[in-house]
Amino acid sequence: MPHVVLNGTVSVDDIFNGLKSVFVRNESGILKTDTSYLSRDKTAILIEALTIEGGVKRSFFAMIGRREDGVVVRIYPGSDVEKTVGVKSILSDIAKQLLMAFPKLAIGETNLQEFLK
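To keep things clear, this report deals only with the structure shown in the data block. Keep in mind it's a predicted model, so treat the numbers as computed, not measured.

1. Observations regarding the sheet that holds strand 4 (residues 44-53)
So, point 1. On the basis of which strands lie adjacent, the open sheet formed by 7 strands has the order 2-3-4-5-6-1-7 and antiparallel pairing. What marks the edges here is a single partner per strand, and that holds for strand 2 (23-26) and strand 7 (106-110). Taken over all neighbouring pairs, the strand axes of this sheet differ in orientation by 20° on average, direction set aside.
So, point 2. Alignment of strand 5 (residues 56-67) against strand 6 (residues 70-75), held across 6 bridges, turns out to be antiparallel.

Rendered as structure tokens:
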């Protein structure tokens, strides 16, 4: 499962309040995030995401979840979506946005290293 762990101390509520949408349009297609939802206990954020690659549309939820060592950006476990380049790019774009907004965070365990450059 594609994911990026960001180590450091940050509040999920602060992430939610500063989170911006992703929109990328290029020759490969469209990558987009839209509405975000904060869990009542403020430990997770669900983000509506859409990729259009090669004319194929994929909708899924990206998730930012709190961990003891920071937060993790991944596909929501209930989502059944093909792990395409576009899907992985959306997850890495969200992680890069968090790294820029919260400089105390650092990349930890990930299987998306090539997308984070």
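2. Points about the side chain of threonine 51
So, point 1. Take threonine 51: it is sitting in strand 4.
So, point 2. Residue threonine 51 is classed as buried on the basis of its relative accessible area, which comes to 0%.
So, point 3. A distance of 3.4 Å separates a polar atom in the side chain of threonine 51 from a polar atom in the side chain of glutamate 53.

3. Regarding the pairing of strand 1 (residues 3-7)
So, point 1. Most of strand 1 is tucked away, with 4 of its 5 residues classed as buried.
So, point 2. Pairing of strand 1 with strand 6 involves 5 bridges; the strand directions are antiparallel. When the bridges of strand 6 are listed, asparagine 7 appears paired with glycine 70.
So, point 3. Of the pairings in the sheet, the one linking strand 1 to strand 7 comprises 3 bridges and is antiparallel in character. Counted as the bridge partner of leucine 6 is isoleucine 107 from strand 7.

Definitions and cut-offs
- Residues numbered from 1 in each chain as written.
- Predicted model: local features only at pLDDT ≥ 70, side-chain atom pairs only at ≥ 80, totals over all residues.
- Heavy atoms only, no water.
- Pairing = 2+ DSSP bridges.
- Helix = DSSP H or I, 4+ residues; strand = E, 2+ residues; numbered from the N terminus.
- Axes fitted to C-alpha atoms, helices over the stretch in contact; angles between N-to-C directions.
- Buried < 20%, exposed > 50% of the residue type's maximum accessible area, 1.4 Å probe, protein only.
- Polar contact = N/O pair within 3.5 Å; in protein donor to acceptor, adjacent residues only side chain to side chain.

Treat this as a map of the structure, not an account of what it does.
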